[in-house]
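Coordinate inspection notes
Below are the chains, spelled out letter by letter.
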Amino acid sequence: MASTSDPPKPIRVWITPPGPNPWKTIFLLEELNLNYEIKSFRFDDVKKVPFIKINPNGRVPAIEDPNTNLTLWESGAINQYLIEQYDTENRLSYDTLIEKNLCNQYLHFQMSGQGPYFGQCGWFQHLHPEKIQSAIDRYANEIKRVLSVLETVLSAKFTDEQWLVGNKMTYADMAFVPWNFRLSEVLLQSWDEVFDGTPRVRAWHEKMVELPSWKRAMEHRARLMDGQGLQWNGVPKGIENFTEYEEKIQKGEIKYD
Ligand SMILES: N[C@@H](CCC(=O)N[C@@H](CS)C(=O)NCC(=O)O)C(=O)O
């Protein structure tokens, strides 16, 4: 029988390496210094067994925590669980009513406002078999709007340390990193351009990608992408650039659902 002094067993995290969402959970696991193991598989298998038995919605990440017998999917729910269960000293969270609910608010904003819109922009920019400029524009404009909302929030802070809630980094700040990290590819713009007009968002983002926890997460990504024959930007090895990749998708030589 397990005793309370037994070391925690590794939390299993199911991921496909290319997309940003799994890295939101890995980033938090790294920052919390938790024992975890990555179960990496190919994106083509996300809607197949065995993963579909873990998450009937067929989307990553999902976790299985043998310490509590909990299986969970949806990155926001997973990260909130990790915080409640393992951030007992509130290093990356708060236990005060206002701050706790503001963190929750920003996590919901990330899940409903950042993730899906950035994701749709990436889809119509690169993976959709037809080029529909009005769809790309709609989502690119929404990205700019979301960034400007974040800029407004960070501008309201009069401290040197600009975080979404209070004066420390929380899991809510961290949740925005993986999609912002992909902005240059999603918008097909240089790093100088993507944060044009939102300097506080740029500084906030740059502070977090310098963290050793994010760097470790990205080292895992590089290794796992390489192992699956993918380049860092998600394009399969042997394909020169996004233009060639998109041509193959348009000709039906590569298909995504
Ligand atoms: N709301 C979900 C979204 C997860 C999601 O869309 N993950 C992508 C990879 S980054 C995925 O699994 N896509 C599979 C598909 O689109 O079929 C979450 O935050 O966990």
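Residues numbered from 1 in each chain as written. Predicted model: local features only at pLDDT ≥ 70, side-chain atom pairs only at ≥ 80, totals over all residues. Heavy atoms only, no water.

Looking at an unreviewed UniProt entry, one finds the protein named glutathione transferase, with Podospora fimiseda as its source organism.

**Details of the domain arrangement of the protein**
What the domain assignment reports for the protein is domain 1 (10–88 + 231–257) and domain 2 (97–210). Listed per partner, the contact involves 23 residues of domain 1 and 23 residues of domain 2. In this assembly, domain 1 packs against domain 2 so that about 2,000 Å² is buried in total across both faces, 68% of it on carbon and sulfur atoms. The largest contributions to the domain 1 side of the interface with domain 2 come from Pro20, Lys24 and Phe27, which together make up 27% of the buried area. Along the contact surface separating domain 1 from domain 2 lie 1 salt bridge. Between Lys131 and Glu246 there is a salt bridge; the shortest N-O distance is 3.4 Å. Here domain 1 is connected to domain 2 by 5 residue pairs in polar contact (both at pLDDT 80 or more). Secondary structure elements with two or more residues in the side of domain 1 that touches domain 2: helix H1 (21–31), helix H3 (75–86) and helix H12 (242–250). (Domains from an automatic or database assignment. Contact = heavy atoms within 4.5 Å. Buried area = accessible area lost by both parts, 1.4 Å probe. Salt bridge = Lys/Arg side-chain N within 4 Å of Asp/Glu carboxyl O. Polar contact = N/O pair within 3.5 Å; in protein donor to acceptor, adjacent residues only side chain to side chain. Helix = DSSP H or I, 4+ residues; strand = E, 2+ residues; numbered from the N terminus.)

**A look at the UniProt feature "domain: GST N-terminal" (unreviewed entry) in the protein**
This chain's UniProt record puts "domain: GST N-terminal" (unreviewed entry) on residues 9–90. Helix makes up 33% of residues 9–90 and strand 22%. Its end C-alpha atoms lie 22 Å apart. (UniProt positions renumbered as here; feature names shortened; annotations may be inferred.)

**What about the site of the ligand?**
Lys47, Arg59, Val60, Glu74 and Ser75 are the nearest of the 14 residues found near the ligand. In the environment of the ligand, a nitrogen atom lies 2.8 Å from a nitrogen or oxygen atom belonging to the side chain of Glu74. Protein contacts shield 83% of the accessible area of the ligand, which totals 510 Å² for the unbound molecule. (Near = heavy atom within 4 Å. Areas by Shrake-Rupley, 256 points an atom, 1.4 Å probe, with all protein chains shown as cover.)

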